[in-house]
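These are the residues of each chain, in order.
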Amino acid sequence: MQPTDNSMYATEGGLVVPVVTRGGLESGLTGQSSGATRIAGVSPQHTPARRLWFGKVSNEPGFRSVPHHHGEAETGGFVLSGRARIYFGVKFQDYIDMEEGDWVFVPPFMPHVECNLDRNRPLTWMTTRTPDNIVVNLDDVADEALIDWSERP
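What counts and what doesn't
- Residues numbered from 1 in each chain as written.
- Predicted model: local features only at pLDDT ≥ 70, side-chain atom pairs only at ≥ 80, totals over all residues.
- Heavy atoms only, no water.
- Salt bridge = Lys/Arg side-chain N within 4 Å of Asp/Glu carboxyl O.
- Helix = DSSP H or I, 4+ residues; strand = E, 2+ residues; numbered from the N terminus.
- Buried < 20%, exposed > 50% of the residue type's maximum accessible area, 1.4 Å probe, protein only.
- Contact = heavy atoms within 4.5 Å.
- Pairing = 2+ DSSP bridges.
- Axes fitted to C-alpha atoms, helices over the stretch in contact; angles between N-to-C directions.

Visitor: Where do I start with the pattern of salt bridges in this structure?
Guide: A side chain with one charge can pair with a side chain of the opposite charge if their charged atoms come near. For the structure shown, the criterion picks out five salt bridges. The partner of Asp 140 in a salt bridge is Arg 64, and the shortest N-O contact between them spans 3.2 Å. On the criterion of sequence distance, the pair formed by Asp 140 in the segment after strand S10 (136–137) and Arg 64 in the loop between strand S2 (53–59) and strand S3 (68–69) is long-range, its members being 76 residues apart. Using a relative accessible area of 12% as the deciding quantity, one classes Arg 64 as buried. Salt bridges linked by common partners bring Arg 64, Asp 140 and Asp 143 together as one network.

Visitor: Looking at this structure, I do not really get the side chain of Asn 133. What am I missing?
Guide: Relative to the elements of secondary structure, Asn 133 occurs in the loop between strand S9 (123–130) and S10. Aside from chain neighbours lying at most four places away, what touches Asn 133 is Thr 30, Gly 31, Arg 38 and Trp 53.

Visitor: Looking at this structure, how should I read the pairing of strand S8 (residues 112–116)?
Guide: Burial analysis of S8 places five of its five residues in the buried class, the great majority of the element. Burial along S8 is two-sided: the face carrying His 112, Glu 114 and Asn 116 and the face carrying Val 113 and Cys 115 are both buried.

Visitor: Whenever I open this one, the sheet that holds S9 confuses me. Can you help?
Guide: Strand order in the open sheet made by the five strands is S1-S2-S9-S4-S7, with antiparallel pairing throughout. Two strands bound the open sheet, and with one partner strand each, they are strand S1 (37–42) and strand S7 (103–106). Averaged over all pairs of adjacent strands, the angle between their axes in this sheet comes to 25°, without regard to strand direction. Direction of pairing for S1 relative to S2: antiparallel, over a ladder of five bridges. Across the sheet, the residue bridging to Ala 40 is Gly 55, located in S2.

This is the structure in C-alpha cells:
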C-alpha cells in the first residue's frame, strides 16, 4: 500500500477524520430537475469530498423527471425502494425498468428521463456521481411521447 497525503482533508487541528452527514441534515443545495428531488449526503458543497457526489433521489408516486443529463459525470444508481423506469435514446423511444435491489450505470452526457412507475408509492434511489451532481435540464417532452408511460398500470 502506498502512503497517501490526506492533509487536504485535515481539520483545523490537523487531524484527518471521517465526515458524517447525519440523517435529516443532508444538503438540498444540489442540482435538481422537475419531478425529482435530490439531497446530498456526501458532496463538495458540504464535505471535504472533491471528486464524489453521493445522495438520495426521490420521485413522488407516478411522477417523472424532465429530460436531463449529467454532463461529464458518470452516474451509478441503486433502487432502494419502488419501481423505476429510465427513458433514453432518440426521442426517448427506449426504456429500461428496474425494481428494488437493481443497480444502473448511466454514461456521461446521456439524455434520459427518470420515472416512478408506481402511482401509489414513492421511488427512492441512492445515486453517486463523479465529480459532482451535475444536472443539465433539457426541454420537456409530453407524456404521450414516452412509449407505454400513460398506459402503465
